[in-house]
Amino acid sequence: MPKMKTHSGAKKRFRATGTGKLKYRKPGQRHLLTGMEPKKGRSLRKPGIVHSTDMGRMKQFMPYSV
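Residues numbered from 1 in each chain as written. Predicted model: local features only at pLDDT ≥ 70, side-chain atom pairs only at ≥ 80, totals over all residues. Heavy atoms only, no water.

> Would you take a moment to explain the overall build of the chain for this structure?
Counting its regular elements, the chain contains three helices and three strands. When the helices and strands of the chain are listed from N to C terminus, the series reads α-β-β-α-β-α. Here the chain has a C-alpha radius of gyration of 15 Å; the compact-globule value for 66 residues is 11 Å, and the former is much larger. For the chain, the C-alpha atoms occupy an extent of roughly 55 × 20 × 20 Å along the three principal directions. (Helix = DSSP H or I, 4+ residues; strand = E, 2+ residues; numbered from the N terminus. Rg over C-alpha atoms; globule rule 2.2 N^0.38 Å.)

> What am I meant to see in the environment of Lys3 here?
One can find Lys3 in the segment before α1 (8–13). Residue classification places Lys3 among the exposed positions, given a relative accessible area of 75%. Along the sequence, Lys3 and Val66 sit 63 residues apart, while their C-alpha atoms lie 15 Å from each other. (Buried < 20%, exposed > 50% of the residue type's maximum accessible area, 1.4 Å probe, protein only.)

> Would you take a moment to explain the packing of aromatic side chains for this structure?
Aromatic ring pairs are reported here in terms of the distance separating the ring centres and the angle at which the planes meet. Enumeration over the complete set of coordinates arrives at one aromatic pair. A centroid spacing of 6.0 Å and a plane angle of 65° characterise the contact between Phe14 and Tyr24, whose relative ring orientation is edge-to-face. Residue Phe14 is located in strand β1 (residues 14–16), and its partner Tyr24 is located in strand β2 (residues 22–24); the two are separated by 10 residues in the primary sequence. With a relative accessible area of 28%, Tyr24 lands in the partly exposed category. (Phe/Tyr/Trp six-rings, centres within 6.5 Å; stacked < 30°, edge-to-face > 60°.)

> Any chance you could explain the sheet that holds β2 here in plain terms?
Pairing between the strands of a sheet comes from backbone hydrogen bonds, and it takes one of two forms, parallel or antiparallel. Spatially, β1-β2-β3 is the arrangement adopted by the three strands of the open sheet, whose pairing is antiparallel. Each end of this open sheet is capped by a strand with a single partner; those strands are β1 and β3 (48–49). (Pairing = 2+ DSSP bridges.)

> Looking at this structure, how should I read the pattern of salt bridges?
If charged atoms from side chains of opposite charge come close, those side chains can pair. With the rule as written, the count across this model stands at one salt bridge. Arg57 is the salt-bridge partner of Asp54, the closest N and O atoms lying 3.6 Å from each other. For Arg57, a relative accessible area of 49% translates into the label partly exposed. (Salt bridge = Lys/Arg side-chain N within 4 Å of Asp/Glu carboxyl O.)

Here it is, written out as structure tokens:
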């Protein structure tokens, strides 16, 4: 049986943590930032964690990192 391929878009956007969760960079920090509330901008700096209900799909995208 051949090896499964990792989804190219997913491997650029997600990283595995030590406990096996996936973290990603939140969208919305590139441009049009002057009208944004400061609290929202600060919260977007922190990495997001993929929800547990989406982990089944992520295992299909990244079979060797999760």
